[in-house]
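Per-entry structural report
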Amino acid sequence: MKKVLLIASISFGAIAWAQETKTDAPATDTVKAWSIQGQNTLMLNQAAFSNWVGGGANNVGWLAGVNYNLTYEKGKDLWENIIILGYGQNNTQGTGVRKTQDVINLSTNYGREFAKHWYISAGVGLQTQFAPGYEDGNNPDAKKISNFMAPGYLSVGAGVTYRPNDNLTVTLRPANARWTFVLDEDLQTKGTYGLKNDGDSSLFQFGFLGTAMYKLKIMENITLLNTASVFSNYLDHPERLVLGYSGVLSMKINKYISTNVTLDLLYDHNQIWKTQLKQTLGVGLAYNFDNGKKRSDNKDNQSWLKK
């Protein structure tokens, strides 16, 4: 009997020790350094008329795009990468195919935290388009006014980034180099996109660049993404600011269908001495995804984590 009690005592002790050891074992860290937010869209529109007294022309259009934000965040390191691509066309009876959307916007920004929410940062950005643009929409018989990398804008700079949460990012670069490329020989004339001489293929500028991104949740499934930028060239007329704004209103119907309304404003005296405006409205397929658990230590308004 004593042997049985001794064996039982040893067995229970071993089990208790194993449970205590298991309880005290450190939990596996499931927080990911990389997080990805993205949206793939395909918007369609169509109109047909037959004996319609009010008039109108049959037309069909499409717009496809991707918008990705890939972020690495660990310790004091913050590395954000943005990929925005979009292209669309509309085919109207009697007019033909016209381009309605054309954008390539790539950027990367690395920061090292030196104070709470503040980072010493440096980054690169590239903006251009896929296809030629003409004075009369996308009519190849009209005068060509733009093309791939004509213009193309490459920015390289350093400064500071303020990012208190996932919905607000402000970057200030007092030292920023900006190259304007015009690689289409048909457009390499003096004055076009600021070129100094006929045959020039690029223009160099150096100045201040400020960018800001603010995401506002208006209500459930309705968000407004605002981005703005300002550039001042120290080397020539620093008072002539290059100003840009982009707003994207997303209204999510379900996981796969949504409505997007976009508004783009641009003022660049090297392009035209007027404010440029572009607006689009589309209803169609939109697949959103989030992958990653960590975007910043402050998750108070990171609603995407709670879905």
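Since the model is a prediction, treat every value here as computed from it, not as a measurement.

Grouped burial of nonpolar side chains is what soluble globular proteins tend to show. Residues Ala-150, Tyr-153, Val-182, Leu-187, Tyr-193 and Leu-195 constitute the largest nonpolar core, which totals six residues. Leu-187 has contacts with Lys-144, Ile-145, Ser-146, Asn-147, Ala-150, Val-182, Thr-192 and Leu-195, leaving out every residue within four places of it along the chain.

Summed over all chains, the structure comprises seven aromatic pairs. When the centroid spacing of 5.3 Å and the interplanar angle of 55 degrees are considered together, the rings of Trp-179 and Phe-204 count as tilted. Of this pair, Trp-179 sits in strand β9 (residues 168-181) while Phe-204 is found in strand β10 (residues 202-219), placing the two residues 25 residues apart along the sequence. For Trp-179, a relative accessible area of 28% gives the class partly exposed. Residue classification places Phe-204 among the partly exposed residues on the basis of a relative accessible area of 42%. What links up through ring pairs into an aromatic cluster is the set Trp-34, Tyr-72 and Trp-79. In this structure, Arg-178 packs its charged tip against the face of Phe-231, placed 5.1 Å from the ring centre.

Moving on, we get to the layout of surface pockets. Here the second largest pocket defines a volume of roughly 230 Å³. Contributing to the lining of the second largest pocket are 16 residues, with Gly-194, Lys-196, Asp-236, His-269 and Asn-270 lying nearest its centre. The set of elements that each furnish at least two residues to the lining of the second largest pocket consists of β10 and β11 (222-233). In the lining of the second largest pocket, the residues fall into six nonpolar, seven polar and three charged.

The subject of this paragraph is unusual backbone geometry. The omega angle of the peptide bond from Ala-150 to Pro-151 is 5 degrees, so this bond is cis rather than trans. Phi at Asn-221 takes a positive value of approximately 70 degrees, unusual for a residue other than glycine. As for its placement among the helices and strands, Asn-221 is situated in the loop between β10 and β11. In this structure Asn-221 comes out as partly exposed when scored by relative accessible area, which is 36%.

Examined bridge by bridge, strand β1 (residues 34-47) and strand β2 (residues 59-74) share 14 bridges and lie antiparallel to one another. For Gln-37, the partnering residue across the bridge sits in β2 and is Asn-69. Looking at chain direction, β2 and strand β3 (residues 77-92) are connected through 16 bridges and run antiparallel. Each residue of the ladder has a partner; that of Asn-67, found in β3, is Ile-84.

Looking at the protein as a whole, the pLDDT averages 83, with 83% of positions reaching at least 70. The model gives residues 1-30 a pLDDT under 50, and that stretch makes one contact with residues more than four places away or in other chains. Throughout residues 293-307 the model reports pLDDT below 50, and contacts reaching past four residues in sequence, or to other chains, amount to 43 contacts.

With respect to the element layout, Glu-113 can be found in strand β4 (residues 96-115). Glu-113 gets classed as partly exposed once you look at its relative accessible area, which sits at 22%. Note: C-alpha distance between Glu-113 and Asp-77 (36 residues apart in sequence) is 6.6 Å. Excluding its chain neighbours within four sequence positions, the residues that come into contact with Glu-113 are Gly-75, Lys-76, Trp-118 and Tyr-119. Within the local environment of Glu-113, its side chain forms a polar contact with the backbone nitrogen of His-117, the two atoms lying 3.1 Å apart.

Note that Ala-175 resides in strand β9. You can call Ala-175 partly exposed: its relative accessible area is 33%. Residues Ala-175 and Val-156, spaced 19 residues apart in sequence, show a C-alpha to C-alpha distance of 8.6 Å. Beyond its immediate chain neighbours, meaning those up to four positions away, Ala-175 contacts Val-156, Gly-157, Ala-158, Phe-206 and Gly-207.

For the rest of this paragraph, the subject is the environment of Tyr-193. Structurally, Tyr-193 can be placed in the loop between β9 and β10. The class of Tyr-193 is buried, set by a relative accessible area of 11%. Distance from Tyr-193 to Gln-271, taken between C-alpha atoms, is 5.0 Å for residues 78 residues apart in sequence. Those residues in contact with Tyr-193, other than ones at most four positions away along the chain, are Ile-145, Ser-146, Ala-150, Pro-151, Tyr-153, Thr-180, Val-182, Leu-203, Asn-270 and Gln-271.

Once that is clear, we can look at a nonpolar patch on the surface. Together, Leu-42, Leu-44, Trp-62, Ile-253, Tyr-256, Ile-257, Val-283, Leu-285 and Tyr-287 make up an exposed nonpolar region whose accessible area comes to about 840 Å². Put simply, the parts of the chain that give the nonpolar patch at least two residues each are β1 and β14 (272-291). The greatest single-element share of the nonpolar patch, amounting to three residues, is contributed by β14. Checked against the element boundaries, Trp-62 lands in strand β2. Classification of Trp-62 by relative accessible area gives partly exposed; the value is 33%.

Reading the values: the criteria
Residues numbered from 1 in each chain as written. Predicted model: local features only at pLDDT ≥ 70, side-chain atom pairs only at ≥ 80, totals over all residues. Heavy atoms only, no water. Core = buried A, V, L, I, M, F, W, Y, C linked by side-chain atoms within 4.5 Å. Buried < 20%, exposed > 50% of the residue type's maximum accessible area, 1.4 Å probe, protein only. Contact = heavy atoms within 4.5 Å. Phe/Tyr/Trp six-rings, centres within 6.5 Å; stacked < 30°, edge-to-face > 60°. Helix = DSSP H or I, 4+ residues; strand = E, 2+ residues; numbered from the N terminus. Lys NZ or Arg CZ within 6 Å of the ring centre and 35° of its normal. 1 Å grid on protein atoms, 1.4 Å probe; cavity = no way out; pocket = protein on both sides within 12 Å on 5 of 7 lines; lining within 4 Å. Points joined across faces, edges and corners; volume = space filled by probe spheres on them. Nonpolar A, V, L, I, M, F, W, Y, C, P; charged D, E, K, R; others polar. Pairing = 2+ DSSP bridges. pLDDT = per-residue confidence, 0-100. Polar contact = N/O pair within 3.5 Å; in protein donor to acceptor, adjacent residues only side chain to side chain. Patch = residues over 30% accessible without salt bridge, like charges linked within 9 Å, V, L, I, M, F, W, Y side chains within 5 Å. Areas by Shrake-Rupley, 256 points an atom, 1.4 Å probe, with all protein chains shown as cover. Salt bridge = Lys/Arg side-chain N within 4 Å of Asp/Glu carboxyl O.

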